[in-house]
Amino acid sequence: MPPTMTAAVLRYHGDRDAVQLEQVPIPEPGYGEVRIRVKACALNWLDVGIRRGPKFGVIPLPLIGGGDIAGEIDKLGPAVGDGVENWREGDAVLVYPLLTCGVCEFCRRGEPTTCPQHRIIGEHVDGGLAEYTILPAANLIAKPESLSFVEAAALPVVAMTAWHMLMSIGGLQAGESVLIVGAGGGVASLGIQIARFAGATVFATTSSADKAERAKALGAHEVFNYREGDWVQQLLDATNGRGVDLIQDNVGAATWPHDLRALARNGRLVVCGSHSGTTFPLDIAQIYHRQLRILGSNGGTFYDLTRALALVEAGHVRPVVDTVLPLEQIREGHRLLEEGEHFGKVVISI
Ligand SMILES: [Zn+2]
């Protein structure tokens, strides 16, 4: 019998019971790969979507999910260690979660997020919801010493996504105004901090007074409760009827009609998700009359992640951890995400 490890395995798409703890063989790293002793792995909405069944494409099952990984290098595979000088066994790392081909037109123009071969660790290949995982050495980033493993795991997906949305795609400039939709989410919690540090006036929406206070503590100037009254009117009042220059939204059909009202003329709506739905009736005339721009954002680049981590290392941005759970409570982690009462990341400690 080969040595085994505990892993959270998805064998079919379905409800929370579809994720099951199993004993599986400890994997061996191949060429250019490393084996990571996983210390922490954060959950994302993507993990819920994968469990329920994909909107696009096919997910290979069985699958060990989890793309937000922090841990220690356990074993270097062939060609790593011989030819690569920068990693040693025992090094503490976090992980850039996208796998791209590196040679297509889109990779070479610096937009690997649009690579046709683009895959996500924990979605298309096994991820970090296990004691060990195998990863390409090229995806590793040294863990900042100031961060715990739980804090480090809370960062990669949301930090690269927020940076890509606001800075790389949205082109945020100092002095602009920004609306962060759904301040309790992980991407939003980073977006508030990045936008504030970038010199923007930051507005946010959320669902409770408690979350509003937490969003303000992260740097939001004003927070609107979308369950109380017409928050778009409140935002327009707060901006002398002008609206905001840039909106970061990962909610989708439930919030877009309000976002379009809340945008200033020439405003940009940047979208990276649609878990509330993907379609709604759109008045096209308002797009051209007010010269609005709708911009898609798909994950983030290695460079986006390193830029965001630089702000973390400098103390300007911090990971926001809501709950830490052991691997045995992985289904509770899914429940917290599905019920939306968290503020920041739900992290599995392994
Ligand atoms: Zn490519």
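Residues numbered from 1 in each chain as written. Predicted model: local features only at pLDDT ≥ 70, side-chain atom pairs only at ≥ 80, totals over all residues.

Draft legend 1. Spotlight on the domain arrangement of the chain. The domains assigned to the chain are domain 1 (4-155 + 319-349) and domain 2 (160-296). The gap between the C-alpha centroids of domain 1 and domain 2 is 28 Å. Each side of the interface is counted separately: domain 1 has nine residues, and domain 2 has nine residues. Looking at the side of domain 1 that touches domain 2, its residues break down into three nonpolar, five polar and one charged. (Domains from an automatic or database assignment. Contact = placed C-beta atoms within 7 Å. Nonpolar A, V, L, I, M, F, W, Y, C, P; charged D, E, K, R; others polar.)

Draft legend 2. Representation of the pairing of strand β5 (residues 68-76) in the model. Pairing analysis gives eight bridges linking strand β3 (residues 33-42) to β5, with the strands arranged antiparallel. Counted as the bridge partner of C41 is I69 from β5. Pairing of β5 with strand β6 (residues 92-95), which is carried by three bridges, proceeds in the antiparallel orientation. Looking at β6, one finds that A70 is bridged to L94. (Pairing = 2+ DSSP bridges. Helix = DSSP H or I, 4+ residues; strand = E, 2+ residues; numbered from the N terminus.)

Draft legend 3. Region of the structure containing the sheet that holds strand β1 (residues 4-10). Spatially, β2-β1-β4 is the arrangement adopted by the three strands of the open sheet, whose pairing is antiparallel. The sheet is open, and its two borders are formed by β2 (19-25) and β4 (63-64), each paired with just one other strand. Alignment of β1 against β2, held across seven bridges, turns out to be antiparallel. By the bridge assignment, L10 is partnered in β2 with V19.

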